[in-house]
Amino acid sequence: MNDKKLRLLLKAASAFLVISLVFCIYAVCRNNSQKKYMEEQRLANETKLAELQMPTLEPEQENENDETADTEEAIVLEGDSVSVPSYNAAGTAKKVIVLDAGHGKSSSAMSADEKKSEGYVYNESKGSWGEWRHYKNGTFGEDCGGSGCTLTAPPNGSCWYPMGNGDRDTEPSVNLNNALAAQKYLEQMGYEVRMTRTSNEENPSMNMRVSYCFPNNDTTQTPDAAAYICIHSNAGGGSGTSYISLGGAYEQCFIPSDYIEKSNTLGQLINTKVAAASGLSDNSPIGSEEYLILFNKCPVPIAYMEIGFFDNSRDLGVLKSSSDAIGRAIAEGVDEYLKNN
Ligand SMILES: [Zn+2]
Ligand SMILES: [Zn+2]
């Protein structure tokens, strides 16, 4: 074989090799893309099959039916009066806090049956629905009926409290928002919280509200609440946050000997926190209202908060935008009090 022939052969061989290589690469690529296509087809088929087997899911609809919402609240209300002992992770019983959002549904919007079921009575001689301001001295739950009590009453007032005096607009919802936020934070801190109302369509009597201090609302038992926090907002010209201080004589059963001192400490601690968190000015306590029904009926230390002035537009703006911060401040105040008392 001469050189010329050899070179020709080598050229032919290398040309063959190059062609074979290109062909191989083409074959591999084609195989891969076919595999990919088949896999996609298989997935699409599976998805179709799964969709056919699944029930059709309608997008969840906002429940705008008030009646349904009310029914749910009624169920919750019945449930939250049942106080099965609850325990912390540490195994110790949780401390119980009663949160009372002041006021509620206006008396003029309530039927006689509603008033009755909320614990109010009709007083023939006074010609009004309402409740007695006190219990008979040394008892719990025995209405004074105008005698055998401390007789403390506001100027020109008496032992009888007509429920119409507690009618408010704007305030019930402001109070409820603050109370619901406080509930959230207290529960996060490990407390058991009992709400005296959870909607603005309720307006329990004071008798009914304080019954939450007892296991299962049973006032024949010993109260098991550690504190009662009554949440209100002020009106009548002014600005800032405060609490109403206790003073004088309280004669209802179960209160500790230092009921006044403990209650005022609790009010002060909460108010300081609320002022700092909301920016509302930290006002000195409100005196001269020692006659308030709740002070005369609550069996455990009580803080009666007057947070902001709902009839002052600047304060109302704070109340509307800061209920979460206010609720957290209430919870922190309660927590600080209970760690030392
Ligand atoms: Zn009385
Ligand atoms: Zn109020």
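Here's what I pulled together on the structure shown here. Just so you know, these numbers come straight off a predicted model, no measurement behind them.

What counts and how
- Residues numbered from 1 in each chain as written.
- Chains lettered and ligands numbered in written order.
- Predicted model: local features only at pLDDT ≥ 70, side-chain atom pairs only at ≥ 80, totals over all residues.
- Core = buried A, V, L, I, M, F, W, Y, C linked by C-beta atoms within 7 Å.
- Buried ≥ 20, exposed ≤ 12 C-beta atoms within 10 Å, placed from the backbone.
- Helix = DSSP H or I, 4+ residues; strand = E, 2+ residues; numbered from the N terminus.
- Contact = placed C-beta atoms within 7 Å.
- Pairing = 2+ DSSP bridges.
- Axes fitted to C-alpha atoms, helices over the stretch in contact; angles between N-to-C directions.
- Parallel < 35°, antiparallel > 145°, perpendicular 65-115°, else oblique.
- Left-handed = near helix turned anticlockwise from the far one by under 90°.
- Nonpolar A, V, L, I, M, F, W, Y, C, P; charged D, E, K, R; others polar.
- Arc of directions from axis to C-beta.

What about the nonpolar core?
Consideration 1: By size, the foremost hydrophobic cluster in this structure holds 54 residues, and its most contacted members are I97, L99, A227, Y228 and I229.
Consideration 2: With seven residues, strand β6 (residues 225-234) is the largest single contributor of residues to this core.
Consideration 3: For A227, the contacting residues outside a window of four places in its chain are I97, L266, V300, P301, V334, Y337 and L338.
Consideration 4: W132, F140, C149 and C159 belong to the second-largest nonpolar core, a separate cluster that totals six residues.

As for the pairing of strand β5 (residues 192-195)
Consideration 1: In β5, alternate side chains face the same way, and those of E192 and R194 on one face and V193 and M195 on the other are all buried.
Consideration 2: Sheet analysis places strand β1 (residues 96-101) next to β5, joined by four bridges and oriented parallel. Bridged to V96 within β5 is E192.

Quick notes on the sheet that holds strand β8 (residues 302-309)
Consideration 1: Strand order in the open sheet formed by five strands is β5-β1-β6-β8-β7, and the pairing between neighbours is mixed. Of all strands in the sheet, those bounded by a partner on one side alone are β5 and β7 (242-244). Averaged over neighbouring strand pairs, the angle between their axes works out to 30° when direction is ignored.
Consideration 2: Across the sheet, helix α9 (residues 323-340) touches β1, β6 and β8, and the angle it forms with β6 is around 145°.

Here's the deal with the packing of helix α4 (residues 171-188) against α9
Consideration 1: Closest axis-to-axis distance for the α4/α9 pair is 7 Å, and the angle between their directions is 55°. Relative to α9, the element α4 lies oblique. Relative to α9, the crossing made by α4 is right-handed. For the pair formed by α4 and α9, the contact residues are N177, N178, A181, A182, K184, Y185 and L186 on the first element and S323, D324, I326, G327, R328, I330, A331 and V334 on the second.
Consideration 2: For the contact of α4 with α9, the per-class residue count stands at eight nonpolar, four polar and three charged.

Topic: helix α8 (residues 313-321)
What sets the pattern is the α-helix's 3.6 residues per turn: residues three or four places apart point alike.
Consideration 1: The complete set of buried residues in α8 reads D315, V318 and L319. On an axial view of α8, the arc spanned by its buried residues comes to 100°, and they lie on one face. Opposite the buried face of α8, by more than 90 degrees, sit the exposed residues S313, R314, G317 and S321.
Consideration 2: Elements in contact with the buried residues of α8: α4, β6, α6 (259-278), β8 and α9.

Overview of unusual backbone geometry
Consideration 1: Of note, L151 is a non-glycine position whose phi angle comes to about 65°, a positive value.
Consideration 2: The phi angle at N156 is positive, at roughly 65°, despite the residue not being glycine.
Consideration 3: Checked against the element boundaries, N156 lands in the loop between β3 (128-132) and β4 (160-162).
Consideration 4: Residue classification places N156 among the exposed residues on the basis of 5 C-beta atoms within 10 Å.

As for the pairing of β1
Both faces of the sheet carry side chains from a regular strand, because those side chains alternate between them.
Consideration 1: Most of β1 sits out of view: six of its six residues are buried.
Consideration 2: Neither face of β1 is exposed, since V96, V98 and D100 on one face and I97, L99 and A101 on the opposite face are all buried.

With respect to the packing of α6 against α9
Consideration 1: Interhelical geometry of α6 versus α9 gives an angle of 145° and a closest axis separation of 8 Å. The crossing of α6 and α9 is right-handed. Contact residues: T265, L266, L269, I270, K273, V274, A277 and S278 in α6; A325, I326, R328, A329, I330, E332, G333, V334, E336 and Y337 in α9.

Some words on the environment of G164
Consideration 1: Within the secondary structure, G164 is located in the loop between β4 and α4.
Consideration 2: Between the C-alpha atoms of G164 and S128, which are 36 residues apart in sequence, the distance is 8.4 Å.
Consideration 3: Not counting chain neighbours up to four residues away, the residues in contact with G164 comprise S107 and S128.

So, the environment of G240
Consideration 1: The topology assignment puts G240 in the loop between β6 and β7.
Consideration 2: Each C-alpha atom of the pair G240 and G279 lies 8.5 Å from the other, and the pair is 39 residues apart in sequence.
Consideration 3: Apart from residues lying up to four places away in sequence, G240 is in contact with L280, S281, D282 and N283.

Everything listed is a geometric property; what it means functionally is a separate question.
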